[in-house]
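Residue-level structure breakdown
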Amino acid sequence: METLRWRNVLDFSSPEDLGLACEGSSVVAECVSQVVAARSVFLVGSGTEDVFGMLQKRFKFQVDNERNSREAATLVVASRMSSCGLTASEALEAVRADATWNYEKWLRHVGLARKKTDDAALEVALMHMIWGEAANLRFCPEFLCVVFRDLRRRCDALASGPQSSRRYDEVVAPFLLKVIEPAYVMVAEFAKAPGDHADRVNYCDFNETFHKRDVARGACAELAQGKAYESVLRSLHFEKTFKETRSYLQLVRSEFRVIAGHAVALHALIVAACGEPFAQVSVTLAAALCVRELAELLVLGRPAPALPLGYVCRAARRLFFIGLFPFMLYLLLETRAAFLVVGYVLLGAVAGLELLRFTPFAHPFAMHPILGELSGGEFLTYFRLKDNSSKPLATALWLVAVAVKLYASYRLSVHPLINMTRRLGREPNLFDDDLVFRWHFISWRLGGTDVEAFGFTDARHLTLVVPAWIPHVLFFFLDLEVWYVFLSNLVSAVVGISRGIGSDQGAGRILRAAKHMPAALAVKDCKWDPRARALSFVGMRSELGNTGDCMIYPEEKGDLESEASPVRRQRRSLPGLDAAADESLRRHVWFATTWNVMCETMREQDLVSDKELAAMLYSVKDEGDEPFLLEALVEPPIFEAIETPDVRPESIIKSTEVWRRLSFFVNSLRPLVGRELPAVLATKQASTLVPYYDEPVVYDLSELEKPTSEGVTVLELLKTIYPNEFDNLLERHHGEVPADEIERWAAFRGQTLLRTAHGLSYYDRALRVVAALADGLAQGPELLTRRDASEALKQRGAAYAVLAGLKYTLVLSCQIYGDMKAAPEGSKRAAQAAQIEQIMREFHNVRVAYVDRKTGSDGTSQNYASVLVRWDEATSQVVEVYRVALPGPFLVGEAKPCNQNHAIIFSRGDAVQAIDMNQAGYFEEALKLPFFLNSSFDDALNKSGPRIAGHREHVFTADVSSLASFMSTQESLFVTATQRVLDFPLGVRFHYGHPDFFHRIAAMTCGGVSKASKGINLSEDIFGGFNFVLRGGRATQSDLVQVGKGKDVGFAQISTFQAKIAMGNAEQTLSRDVFRLGCQSDLINHLSTFYSSIGHFVLQVGVVAVVLLSAYCKLFIAVRGIQKAVDDADAERRLGQLVNDAVFASQILGLYVLILAASVVSNAVEIGLGPSLLQFGEKMLLRGGILFYAFQVATKSHYVHSTFVYGKAAYQGTGRGFDIKRADFASTFTRYFYSHFILGCELVVALCVFYAGSNYSNLARYLANEFVAWFFAVALLWTPFLFNPDGFDYIGAVKDLEAWSVWMNTRDPTSSWEAWWKQRESAILQRPLATRFFLVFLPRSRRLLLFWGFAQLAASKSRRALFTFGPSVGIMISLFLAVLLMLTIHVGHADRRKADYQLTFVTAPTVKRATRYLLTTSLAVALVALLVFQVINFNSLVAILFATMTIAFHISDFLLLFANTPCLPRAADLAVVTKIQQAAHYLVGLTVFIPVLLVSFLPWFTELQTRCLWNIDFSTRLDIAKV
């Protein structure tokens, strides 16, 4: 690695320094000269001082903030000069325009005047210095606008006279103490306030307070009067500008048009099937509008309107819409003609408003303070979408999706249901035998009830109609996602094919394309223009459809354009060659050189052996002193395999990873054919920011070789996954591999910080190589092919390192690196600090930013600072570059965005890449980054708005296990096919935590790359995208570049990740960003936004609800005896056929197979149709992938619902390691009991009771109808064991059962069932009583139907004369009284350990025990007597026991409902409640684990599970380890 001489290129001031830095490189000389020219524009006066120093003295900014801001501002100006061909002054104006874009927008919004000035340097410097010291206030860009306006005014006062300037010094200096700290303290206080989101002022509320005209103008006026910032801020009233109320009604309001549209469409299908007037649909629309207004009025709340007249408009709107629904009902029942008129007017008005959203008049209407109130939209006018109208292709996609959905719903659901309902309505005496219906629990006279208003002559028919309709109505709101996913994947496949993705997939086609690529690929550095020195970069049309022309004109034109210029002298053509041949030769040399470096990086990574490397390299014939011609360039031997029939290229290069990389490389270059890669000098400067906490940096060898309980190690797993690569490692070290090299080899195959830093550093290496090529090609291609010339180029390594440093900055934001350095020697954190230092030593472009915490002089206070460090080659140690003090702890909100925020001030250039630490980079992809950056960020902010440019990812953890391949398939589709279609044609892409590049100046002035409010911004990344889009920007996606990404590989890791994502999406639903996007988008964009983000997760709740409702509705039919009546009906009437078609059509869930089919199509674009089908068959069918995905549906559903109900959403780390350890049953039980096990058991019980109570003639017919429900139940209960390493080992299963039993019965207050259960219930008990009742207790009351079913089964074999009102009612009443008596005896008996709560009805312990024994004995005797006298049989007894447990469990839930209330403040501590809950948990645990224990008896099943989970080699090693 070359030595980087210069710490700061801005120190270059003299020609001598410049010459030393450039070391004879003309490319580096020009690049550095542009930096020097950019530096000069900030100089003031005689040139001895610049604006940064002046501002530092005036406002007492921190010195390191001054130095850091100077470097950042200078480099971004230099980047504009080189990439856009501007002079220094023109580049400065362009940077000033971008830096003040949001500021000028804010001034117009609040009605303040913008003073025109020519002092661009001052404004750029001031903006950088304010931002550099703003700390957490960077999340509040409009507050910083107030600060900028105030300091800008003070600068003008300074220029007008010293007396007026001095009176302001004490107000703002020192800046951190007087300006930032008061605001920071307030934000921190708000964040610590108790309550939920709706009760706490967060970053957005604080910032949006300054969107209000009166607040912003008043604050500026008070500051102009000389008031201190603290007093001004304390005088302001900060309140919620949007209430994120935790309720499903928030979803109704944010996605009202989606939900209301489904309701209206369903009503329209019913109307069409019945032949009724279409105007009836208006009733549903009026009802939806009424619900929205009532929800907002009673539950959600709404911030104050922007204008006083808004109160009147809001009241009028609410009164109108709330009264509209009853008015429409009245007209429907009383005045038919008037109803038709009013209905069509209402439908026409709503349709007209939706069409208005497709026009340019949508924004003025929806965003107007008055019109917005009348329409129920957003009243804040600051956030506006740039282009809210959808594209024609997106409209066509959604029209097809909706049309297919409506047709399928009509044919499969609505039409059969309508036929069944009509038949039941026309048959007054369909069921003459009332006993068939078992009307024991309801009045015998229900059959004669008048229900003619509903179209029925017999009220009993309603008990068949309602259960038949319920699941289908709910599913109607869900299945549009299926058609959207299917069609969008097809469209994405077409777009991918049009971009050349997967065009060359076979090895021969890949090599053939690579062989012809030099002739087709144009590189600007390969051109020779004898007429002008200027390197012109003609901007090419990118995938995003942007064009631009850029020219580079050096600042000192006279010197550089003269014939005496060294650049002019060196750039010459070869003798005897014309311009075309000369350029062709240069292209081949450029491509061959970069190809060779790419192959060498593959060897460094041990992907290829020495022999394979030799077969891949270009070489040069030694022709002495003859001129270098194209014929002297020898192609790689691997290319000869194309023309040799008997030789397969795959036999020469065995690594599938190499072929994958080569395939994407040559395919991604196809769109560049006919275009030009920009010159290295014309490349925009960029930065990468990697947030890091304490994930693995390098794997320790002791951990790699540590055996699990099964006797296998992680290193053995890696060797079996990558056998050839380990052999290559041995070859590279001649068979003796040092321990640290083994650790590095493993680290490059896992999710480590070393792999990320190494991969990202390839861009630095690519810049050096391309710079060397630019120098060499300027002197003639032969320079690059002679040994002496190569040595001369290598001697310029330090110069090329300077250029790479000017074009790219890599910052690792290791927030606790300071704590790691201070950790005791030998500890884990100390080792991590040493490993991070090794990264800085190895990759000189790497900088590490961290938060330093030191104790103050008083010994108690803590001082915090953002620190940037690097490795210094001269002193061989880590040295500090910048230290910027913070006003307090930087973690105010979510951790990751705060970590990004503190380090982002050390980023440089035009673009900053937000990337995770589990990524991987490739050299060949880095070569394409200059084109990607220049084509993505070629417009100013006032033209395109804030820009986010993303590119593809490849999941590199797919080979670890079956689980990893499942996760890889799911994630690969999202990061490729889904992102592609979200960009085009839908145009609704955001930022999803992927390696996206942000416009750095926009990130600086618009709130950063993420949001940090606690809880609500749990998925912090996407809020960065929301923020940019709502401010008029756009996020795009390109298939040009690809990086690697690691995903979780263990079952628990994957479930934890899915839980985190699900909770984050639930929190998004509550946010203001989702609401505003819905208000401002037309219906097409609104649908695209909903179904591509929160819709998928919210709809998982509906999927689980459909399965449960379907099972319970069928259970109700069986319990009531209707199923028998249906099957016994006259066959000629075909009623049974109609009922079965309608009621048992839950197999419509099979439409989700379309999603799997779409995934095959999308994957076929990447790897081919045949491999895609084989992969689908292996993963989904043979290895249990369908079970895995079904299990994840329940995971997402549970955590979305729990976040809506309980809150408590928080980040959950997954570890990012190789999970090969066996999970014990106790941990599995606690992780999945509430989310999966209890739901699966409930579904199994409901299906069994339904089968016992129905009249199926054979089991096969039953299973055919209930396959979906049973499959879902099996997935919920046993998927964790199927994918648990060695999960069906018999000895391990027995040990697990014993350990679980001990855990269930121990009284340990920290690690026992009771402690876990009470901790889990505490989240419920913290919610209000109304929430607990409606969202917890009432949904759980569905289990009463199970109790009813068990009682019905118990009564079916008993003597009918036993009870007057029917046996089921008698048994139900008896069981209820028995359980109630037991609870009465136990009520008040709290946990004996709680001495302060010992209430009891019977005080003597002896009497209590005697009473319990007497009751228990009496019940046992009664049951035996019933059996003896044949009143009941054994089956009835079992049903009675299950019914007893069910009602007891429900009563305990009822008691818990009133816990922490005046009625029963300590209900959770009642011993009887605890025992009942413990018994229920015992029953569920045994139901889940006993089948696992039984299957563990079968050795062949254990071996089959191992084969399905791991590859063959590791499975064999695992079997040997067991022996």
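Scroll up to find the structure this text is about.
Residues numbered from 1 in each chain as written. Predicted model: local features only at pLDDT ≥ 70, side-chain atom pairs only at ≥ 80, totals over all residues. Heavy atoms only, no water.

Bringing a nonpolar patch on the surface into the picture now. There is a patch of nonpolar side chains on the surface, built from Tyr1290, Ile1291, Leu1486, Ile1490, Leu1494, Phe1497, Leu1498, Trp1500 and Leu1504 and spanning about 880 Å² of accessible area. Among the secondary structure elements, those contributing two or more residues to the nonpolar patch are α59 (1290-1305), α66 (1471-1495) and α67 (1499-1509). By residue number, the principal contributor to the nonpolar patch is α66, which donates three residues. With respect to the helices and strands, the residue tryptophan 1500 is situated in helix α67. Note on tryptophan 1500: relative accessible area 54%, which makes it exposed. (Patch = residues over 30% accessible without salt bridge, like charges linked within 9 Å, V, L, I, M, F, W, Y side chains within 5 Å. Areas by Shrake-Rupley, 256 points an atom, 1.4 Å probe, with all protein chains shown as cover. Salt bridge = Lys/Arg side-chain N within 4 Å of Asp/Glu carboxyl O. Helix = DSSP H or I, 4+ residues; strand = E, 2+ residues; numbered from the N terminus. Buried < 20%, exposed > 50% of the residue type's maximum accessible area, 1.4 Å probe, protein only.)

The strand order across the open sheet built from ten strands is β13-β12-β11-β10-β9-β14-β17-β16-β18-β15, with neighbouring strands paired in mixed fashion. The sheet is open, and its two borders are formed by β13 (877-886) and β15 (919-920), each paired with just one other strand. (Pairing = 2+ DSSP bridges.)

Let us look at the packing of aromatic side chains. All chains considered together, the criterion is met by 72 aromatic pairs. On the basis of an interplanar angle of 90° and a centroid distance of 6.2 Å, the ring pair of tyrosine 618 and phenylalanine 639 is categorised as edge-to-face. Taken together, the residues span a long stretch of sequence, with tyrosine 618 in the loop between α28 (610-616) and β6 (619-620) and phenylalanine 639 in the loop between β7 (633-634) and α29 (649-652) at a distance of 21 residues. According to the relative accessible area criterion, tyrosine 618 is buried, its value standing at 9%. Seen from the ring of tryptophan 131, arginine 138 lies directly overhead, with NZ or CZ sitting 5.9 Å from the centre. The lysine or arginine in question, arginine 292, covers the ring of phenylalanine 321, its NZ or CZ lying 5.9 Å from the ring centre. (Phe/Tyr/Trp six-rings, centres within 6.5 Å; stacked < 30°, edge-to-face > 60°. Lys NZ or Arg CZ within 6 Å of the ring centre and 35° of its normal.)

The next point concerns helix α10 (residues 175-192). Its 18 residues place the ends of α10 25 Å apart at the C-alpha level, agreeing with the 26 Å of an ideal helix rising 1.5 Å per residue. At glutamate 181, α10 shows its largest bend, some 40°, and a proline, proline 182, comes one to four positions later. Along α10, the positions that sit buried rather than exposed are Phe175, Leu176, Val179, Ile180, Pro182, Ala183, Tyr184, Met186, Val187, Ala188 and Phe190. (Expected span 1.5 Å × (residues − 1). Bend = angle between axes of the 7 residues up to and from the residue.)

All right, on to the pairing of β13 then. Alignment of strand β12 (residues 862-872) against β13, held across nine bridges, turns out to be antiparallel. If you follow arginine 870 over to β13, its bridge partner there is valine 879. As consecutive antiparallel partners, β12 and β13 are separated by four residues, and within that stretch serine 876 has a phi angle of approximately 55°, a positive value.

Another aspect to go through is unusual backbone geometry. For the bond from alanine 173 to proline 174, the omega torsion is -5°, close enough to zero to count as cis. Topologically, proline 174 is positioned in the loop between α9 (162-172) and α10. Here the bond from phenylalanine 984 into proline 985 is cis, since omega is 10°, no more than 30 degrees from zero. Although it is not a glycine, histidine 734 adopts a positive phi angle of roughly 55°. Looking at the secondary structure, you find histidine 734 in the loop between α33 (723-732) and α34 (739-747). Of note, the phi angle at serine 876 is positive, near 55°, even though the residue is not glycine. Structurally, serine 876 is set in the loop between β12 and β13. With a relative accessible area of 48%, serine 876 lands in the partly exposed category.

Three or four residues apart is the spacing at which side chains of an α-helix point the same way, because the helix has 3.6 residues per turn. A rise of 1.5 Å per residue sets the reference length of helix α17 (residues 309-334), with its 26 residues, at 38 Å; its end C-alpha atoms lie 37 Å apart and thus fit the reference within 8%. Bending of α17 peaks at approximately 35° at the position of leucine 324, with proline proline 326 no more than four residues after it. Turning to α17, its buried residues number three or more, namely Gly310, Cys313, Arg314, Arg317, Arg318, Phe321, Leu324, Met328 and Leu331.

Counting across every chain of the model gives 81 salt bridges. For the salt bridge of arginine 318 with glutamate 296, the shortest nitrogen-to-oxygen distance reads 3.1 Å. Of this pair, arginine 318 sits in helix α17 while glutamate 296 is found in helix α16 (residues 281-300), placing the two residues 22 residues apart along the sequence. By the burial criterion, arginine 318 is buried, and glutamate 296 matches it.

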